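# Summary of structural features
Single-letter residue listing:
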Amino acid sequence: MRKILIAGNWKMNGSTAANEVLVSGIVAGVPEGDGFSLLVCPSFPYLASVAGMVAGSKVALGAQNVSEHASGAFTGETAPSMLKDVGCEFVIVGHSERRAIYGETSADVAAKFQAAQAAGITPILCVGETLEEREAGATEKVIDEQLDAVLDAAGADSFAAAVIAYEPVWAIGTGMTASPEQAQDVHKHIRARLATHNAELAEKVQILYGGSMKGENAPGLLCMPDIDGGLIGGASLKASDFLAIAEAAAQN
Ligand code: 13P
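None of the values given here were measured: they were computed from a predicted structure.

Cut-off values and rules
- Residues numbered from 1 in each chain as written.
- Predicted model: local features only at pLDDT ≥ 70, side-chain atom pairs only at ≥ 80, totals over all residues.
- Heavy atoms only, no water.
- Helix = DSSP H or I, 4+ residues; strand = E, 2+ residues; numbered from the N terminus.
- Rg over C-alpha atoms; globule rule 2.2 N^0.38 Å.
- Buried < 20%, exposed > 50% of the residue type's maximum accessible area, 1.4 Å probe, protein only.
- Areas by Shrake-Rupley, 256 points an atom, 1.4 Å probe, with all protein chains shown as cover.
- Lys, Arg positive; Asp, Glu negative; His and termini not counted.
- Charge placed at Lys NZ, Arg CZ, Asp CG, Glu CD.
- Near = heavy atom within 4 Å.
- Polar contact = N/O pair within 3.5 Å; in protein donor to acceptor, adjacent residues only side chain to side chain.
- Nonpolar A, V, L, I, M, F, W, Y, C, P; charged D, E, K, R; others polar.
- Disulfide = S-S within 2.5 Å.
- Pairing = 2+ DSSP bridges.
- Right-handed = clockwise from strand over helix to strand, strands pointing away.
- Contact = heavy atoms within 4.5 Å.

## Things to note about the overall build of the chain
- Regarding its fold elements, the chain presents 11 helices and 8 strands.
- For a compact globule of 252 residues, the expected C-alpha radius of gyration is about 18 Å, and the chain comes in at 17 Å, within 12% of that figure.
- Across the 252 residues that make up the chain, the buried fraction comes to 50%.
- Carbon and sulfur atoms make up 54% of the accessible area of the chain, which totals about 10,800 Å².
- Put simply, the chain has 16 plus and 30 minus side-chain charges, and the middle of one group is 2 Å from the middle of the other.

## Side note on the site of the ligand
- Taken together, 13 residues surround the ligand, and among them Lys 11, His 95, Gly 173, Ser 212 and Gly 234 come closest.
- Contacts to the ligand include Lys 11, whose side-chain N or O atom sits 2.8 Å from an oxygen atom.
- Contact with the protein chains removes 95% of the 310 Å² of surface that the ligand exposes when unbound.
- When grouped by side-chain class, the residues that make up the shell around the ligand number 4 nonpolar, 7 polar and 2 charged.

## Thoughts on the state of the cysteines
- Under the defined criterion, the tally for this structure stands at 0 disulfides.
- Cysteine Cys 41 shares no disulfide, and the gap to the nearest cysteine sulfur, in Cys 88, comes to 7.8 Å.
- Assessed through its relative accessible area of 0%, Cys 41 is described here as buried.
- Cys 126 takes part in no disulfide bond, and the closest cysteine sulfur to it belongs to Cys 41, at a distance of 9.5 Å.

## Here we look at the pairing of strand β3 (residues 59–63)
- With 5 of its 5 residues buried, β3 lies for the most part within the structure.
- Covered by surrounding structure in β3 are Val 59, Leu 61 and Ala 63 together with Ala 60 and Gly 62, the residues of both alternating faces.
- Two strands pair when backbone bridges link them, and strand β2 (residues 36–41) and β3 are joined in this way by 3 bridges, in the parallel orientation. Note on β3: the bridge partner recorded for Leu 39 is Ala 60.
- Handedness of the crossover joining β2 and β3 through helix α2 (residues 47–54): right-handed.
- For the crossover that starts at β3, traverses helix α3 (residues 80–85) and ends in the parallel strand β4 (residues 90–93), the hand is right-handed.

## Section: the side chain of His 187
- Relative to the elements of secondary structure, His 187 occurs in helix α8 (residues 180–195).
- Not counting residues up to four positions away in its chain, the partners in contact with His 187 are Tyr 166, Ile 207, Leu 208, Tyr 209, Asp 226 and Ile 227.

What follows is the structure in structure tokens.
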């Protein structure tokens, strides 16, 4: 039985004061149950302070990006060991905003994935197609390329310590959500592709859905057999919105 993971990707939002309100609200309202876990991913300047706020709670800490290098002359970058040092258990790699806006290639993403694991941090590997790619019938091809870059570089066994997030680009921040069936189809495909390498491991890996997930659509998505949680942007910025999704996970 795979546990559900509800992860908040705060993106470039937050402040000392706003984070305090958000995290204290989340920590105070975590639903009962042990079939799910919660994660928040603030921007770099707030990782250490949020680590203090979530300490001893059911909420874990993650970062939104990481360098593929261990240390050295890489101005503006953050090493995986630094994330570990301030209490991160997870890091998002290959988010579509990093791929599209900052030009990260699948090879870059694979290097970050491996660097995170080498430092003992669980990468959350994001994959997903644009609307144009979906309409051209290329969804599976795009996902396969993104997944295979990591499978080739890190090996299938590396997914024993990784999470995958399917984030259709057209559903991110648009209010358009993939229907539970559309998401399930892609999640099933991802699991099947992993299963061609290692069937036992494919059954265990958590595959999250991301793209306008909210309290209202979470129950329908989370009850699908291959959807094991959510990577949430907009609805992770208000405690009550995030907790509504956590509640759906607890009820699932
Ligand atoms: P939204 O939930 O705002 O659509 O963002 C999804 C996302 O990109 C999470 O990483």
